[in-house]
Amino acid sequence: MPFYGMMIRLNGKNEVQKVLFSSGFAEGMLRKTAGSLVGVPVGKIPHFQLDLEKGTLVWEGCHFSCCRIEDPPGSLLLIQEENVCEQLLAEIVNRMTDALQLYDAGGNIQFFNRAARRMMGISLKDEIRGQRLLDVFAVDPQYSTTLTALATRKPVAQRYDHYKSTTGKDLMTVNDGWPVFRPDGSLLGAVVREQDVGMIKKELARLQENQQILTRHLTRQLSNASQTRYTFDDIIGSSALLQAAVQLAKQMALKEMNILIQGETGSGKELFAQGIHAFSSRKKEKFLAVNCAAFPESLIESMLFGTSKGAFTGSTEQAGLLEAANHGTLFLDEMNSMSLGMQAKLLRVLEEKKVQRIGSTREIPIDVRVISSCNEDPFQLMEQGKIRRDLFYRLASVIIEVPPLRERMGDLDELVSWYLQKHKDGGSQPIHTITPQFWQLLRNHDWPGNVRELFHIFNYALSMSQNGILDTEDFPTYFLRHQQQRPKEILPTASERTVDYGQGLNSLVQEYEKQLLADAYLHCGCNATKTAELLKISRQNFQYYARKYHLQMKKEK
């Protein structure tokens, strides 16, 4: 591959003798123009602006890189198309606030961006390419981030370093380094990023400003998306467990109380939340929802409570979700992900029914119904100190338990039928047959991702199906692999065991509790709901103990 796209041979008088092109270079007008250049002095070529000092050429409005090579008695002009991507990448790297350094496999400098030169006191005019790292920095070779990444061929993360540059500047930095490899696996070099205290302060300030911009727009977006899409009619399934939850939700929707919805990930908690709002007296008011696990605490605080102008750099007058949902419903999804500090702030608002924007002393009265959700047993979370008891009692005037799919497998046919009908155009052709083997694998699965996982499976299966038939080869690989794993055996009954009193009282009590749970589970035909009723504990409590003692839960049909 030639290192030039076009070569112009000049004689001793700087007149064009010959013009050569590489394949595919400058197709069109330039090729036609080049034929008339022979004998023309290079300085008189029309629209030909050559700057050899900068290595640039602008010809007929097109930009090129150019260099001159002496070839007595004349010279050669080697012209190549401008590398736009390379220039853009160089500009991006130079605009980075972090110090970025590039080295070859031998630890020789290839490039320092502007931030790196500025941090080290190296002038932009100083040529450092090709110099050895140890000639530029007074640093321990055994602790150098760059040399470690090159020697171990592994990334180095957040390494503190204290060293001097050749200019005598004392440097304290936190570094990250990554080895870079060629396609054949051989080592090409390393990339190192350094940050000193000044860089980190500037970055934190910039990130805070960006966060506030996102907060404003996210809050507006969530505030504007105030209409519910679902009602109780959109909850698919006629099993007793599900219908009991729906009936309780309908009953509580008509009362002015806060509701906690408990259910595993993917079980349909937001459908219940929207259904409650749509069934309540607040149905004509706003329904706003926020996933508390999706945002950092500082962002959640701004989104919930709002901000006042001047509270911090870049802050503006912005209503929070609690204020925006006034007279309506606010759904706090996965509220158990909130820190205890944030829970305390939320509790104060719920108790006083007033909200203060961040940075303001003015209290704004609010009338908001709060529906929250939790993907773990809230009672256990309280025992573990992850949920404040006082907040729990404010949020959970009533608890609605959404059953997991494995405990309502009788709804599987309805869910599948609904999905296929809704997505009848999603496959290569409408599905008319589901093989018994496909159904069997569906019924044998324990569905840790619940209905969301079921629909994910069908989304994949529809795209893979052939001739309108769903068969076992249409399942994702992970699903089939999971089916091949054999479940652990359930513990033997207490009558089959010998007591070792030497274990001590605490160990014996835990072992007895473990065995009692296993025996009750077997007695109830391996049905978690019946076992919980027998032991007079909630189904979630039984599942907690099952996880605690590693009891293997059989798949419920």
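Residues numbered from 1 in each chain as written. Predicted model: local features only at pLDDT ≥ 70, side-chain atom pairs only at ≥ 80, totals over all residues. Heavy atoms only, no water.

Observations regarding the overall build of the protein
Within the protein, the secondary structure is distributed over 20 helices and 23 strands. In terms of overall size, the protein is more extended than a compact globule, its C-alpha atoms giving a radius of gyration of 35 Å where 557 residues would be expected to give roughly 24 Å. Counting only C-alpha atoms, the protein reaches 105 × 65 × 65 Å along its principal axes. For the protein, buried positions account for 42% of its 557 residues. Sequence separation of 24 or more characterises 62% of the internal contacts of the protein that already satisfy a separation of 6 or more. Taking the average place of the 66 positive charges on the side chains of the protein and the average place of its 64 negative ones, the gap between the two points comes to 3 Å. (Helix = DSSP H or I, 4+ residues; strand = E, 2+ residues; numbered from the N terminus. Rg over C-alpha atoms; globule rule 2.2 N^0.38 Å. Buried < 20%, exposed > 50% of the residue type's maximum accessible area, 1.4 Å probe, protein only. Contact = heavy atoms within 4.5 Å. Lys, Arg positive; Asp, Glu negative; His and termini not counted. Charge placed at Lys NZ, Arg CZ, Asp CG, Glu CD.)

Some remarks on unusual backbone geometry
Between Pro72 and Pro73 the backbone carries a cis peptide bond, its omega angle lying at 5°. Along the chain, Pro73 falls in the loop between β5 (62-71) and β6 (74-81). Positive phi, normally seen in glycine, also occurs at His47, with a value near 55°. Relative to the elements of secondary structure, His47 occurs in the loop between α1 (29-34) and β3 (48-51). Although it is not a glycine, Asn450 sits at a positive phi angle of roughly 60°. With respect to the secondary-structure elements, Asn450 resides in helix α16 (residues 450-464).

Comments concerning the nonpolar core
Leu304, Leu322, Leu330 and Leu332 are the most contacted members of the largest nonpolar core, which has 35 residues in total. Of all elements in the fold, only β14 (287-291), α9 (297-305), α10 (321-324), β17 (329-333), α11 (340-352), β20 (369-374), α12 (378-383) and α13 (389-395) reach the threshold of two or more residues within this core. When residues no more than four places from it in sequence are discounted, the contact partners of Leu330 are Leu288, Leu304, Leu321, Leu322, Ala325, Val368, Arg369, Val370 and Ile371. Core analysis: the next-biggest nonpolar cluster, separate from the first, contains 23 residues, Val416, Phe455, Phe458 and Phe479 among them. (Core = buried A, V, L, I, M, F, W, Y, C linked by side-chain atoms within 4.5 Å.)

Section: the confidence of the model for the protein
This prediction gives the protein a mean pLDDT of 85; 90% of its residues lie at or above 70. Highest mean pLDDT in the protein belongs to strand β13 (residues 259-262) (96); lowest belongs to α1 (72). (pLDDT = per-residue confidence, 0-100.)

Describing the pairing of strand β7 (residues 99-104)
Summarising the sheet, β7 and strand β12 (residues 187-195) pair through 6 bridges and their orientation is antiparallel. In the sheet register, Gln101 faces β12, and the bridge partner there is Val192. Pairing between β7 and strand β8 (residues 109-112): 3 bridges, direction antiparallel. The residue of β8 that forms the bridge with Tyr103 is Ile109. Two successive antiparallel strands, β7 and β8, enclose a turn made up of 4 residues, where Gly107 displays a positive phi of approximately 80°. (Pairing = 2+ DSSP bridges.)

Concerning the pattern of salt bridges
Side-chain pairing between opposite charges can occur once the charged atoms of the two side chains come close. Tallied over the entire structure, the rule returns 21 salt bridges. Notably, a salt bridge pairs Glu317 with Arg357, separated by 2.9 Å at the nearest N-O pair. With Glu317 in the loop between β15 (306-307) and β16 (318-319) and Arg357 in the loop between β18 (354-356) and β19 (363-365), the pair connects residues that are 40 residues apart, well separated along the chain. Across the pair Arg348 and Glu363 runs a salt bridge, and its minimum N-O distance is 3.3 Å. Of this pair, Arg348 sits in helix α11 while Glu363 sits in strand β19; the two residues are 15 residues apart in sequence, bridging distant segments of the chain. Since its relative accessible area comes to 33%, Arg348 is described here as partly exposed. Counted as one network, the salt bridges with shared partners bring together Arg348, Glu352, Lys354 and Glu363. (Salt bridge = Lys/Arg side-chain N within 4 Å of Asp/Glu carboxyl O.)

Quick notes on the sheet that holds strand β10 (residues 156-165)
The 6 strands lie next to each other as β8-β7-β12-β11-β10-β9, forming an open sheet whose pairing is antiparallel. At either margin of the open sheet sits one strand with a lone partner, and together these are β8 and β9 (137-138).

Some details on the environment of Leu508
As for its position among the elements, Leu508 is in helix α18 (residues 505-523). The class of Leu508 is buried, set by a relative accessible area of 19%. Leu508 sits 191 residues away from Glu317 along the chain, and the two C-alpha atoms are 61 Å apart.

Considering the environment of Ser298
Of note, Ser298 is situated in helix α9. The class of Ser298 is partly exposed, set by a relative accessible area of 36%. Measuring from C-alpha to C-alpha, the distance between Ser298 and Leu171 comes to 32 Å, with 127 residues separating the pair along the chain.

Focus: the sheet that holds strand β4 (residues 56-59)
Across a sheet, strands are paired by hydrogen bonds formed along the backbone, either parallel or antiparallel in direction. In spatial order, the strands read β2-β1-β6-β5-β4-β3; together these 6 strands make up an open sheet with antiparallel pairing. At either margin of the open sheet sits one strand with a lone partner, and together these are β2 (16-21) and β3. Ignoring strand direction, the axes of neighbouring strands in this sheet form an average angle of 25°. The sheet contact formed by β4 and β5 spans 4 bridges and is antiparallel. Following the sheet pairing, Thr56 is matched in β5 by Ser65. (Axes fitted to C-alpha atoms, helices over the stretch in contact; angles between N-to-C directions.)

Focus: the packing of aromatic side chains
A full pass over the atoms with the stated rule returns 14 aromatic pairs. Taking 5.6 Å as the distance between ring centres and 70° as the angle between the ring planes, the aromatic pair formed by Phe232 and Phe279 counts as edge-to-face. In this pair, Phe232 sits in the loop between α6 (197-224) and α7 (240-253) while Phe279 sits in helix α8 (residues 269-279), placing the two residues 47 residues apart along the sequence. Exposure remark for Phe279: the relative accessible area of 37% places this residue in the partly exposed category. Here the aromatic rings of Phe379 and Phe392 are separated by 5.4 Å at their centres, their planes lie at 65°, and the arrangement is edge-to-face. With Phe379 in helix α12 and Phe392 in helix α13, this residue pair connects regions lying 13 residues apart in the sequence. On the basis of relative accessibility, which here comes to 37%, the residue Phe379 falls in the partly exposed class. Given the relative accessible area of 7%, Phe392 is considered buried. One aromatic cluster is present, built from ring pairs that chain together Trp418, Tyr419, Phe438, Trp447, Phe455, Phe458, Phe475 and Phe479. Above the plane of the ring of Tyr143 lies Arg159, whose end atom (NZ or CZ) is 4.5 Å from the centre. (Phe/Tyr/Trp six-rings, centres within 6.5 Å; stacked < 30°, edge-to-face > 60°. Lys NZ or Arg CZ within 6 Å of the ring centre and 35° of its normal.)

So, the side chain of Arg117
Here Arg117 lies in helix α3 (residues 114-120). Look at Arg117: it is buried, it has no salt bridge, and the nearest opposite charge is Glu127 at 5.7 Å. Engagement of the side chain of Arg117 in a polar contact is seen with the backbone oxygen of Ser123, the distance being 2.5 Å. Apart from residues no more than four positions distant in its own chain, Arg117 is found in contact with Phe112, Ile122, Ser123, Leu124, Asp126 and Ile128. (Polar contact = N/O pair within 3.5 Å; in protein donor to acceptor, adjacent residues only side chain to side chain.)

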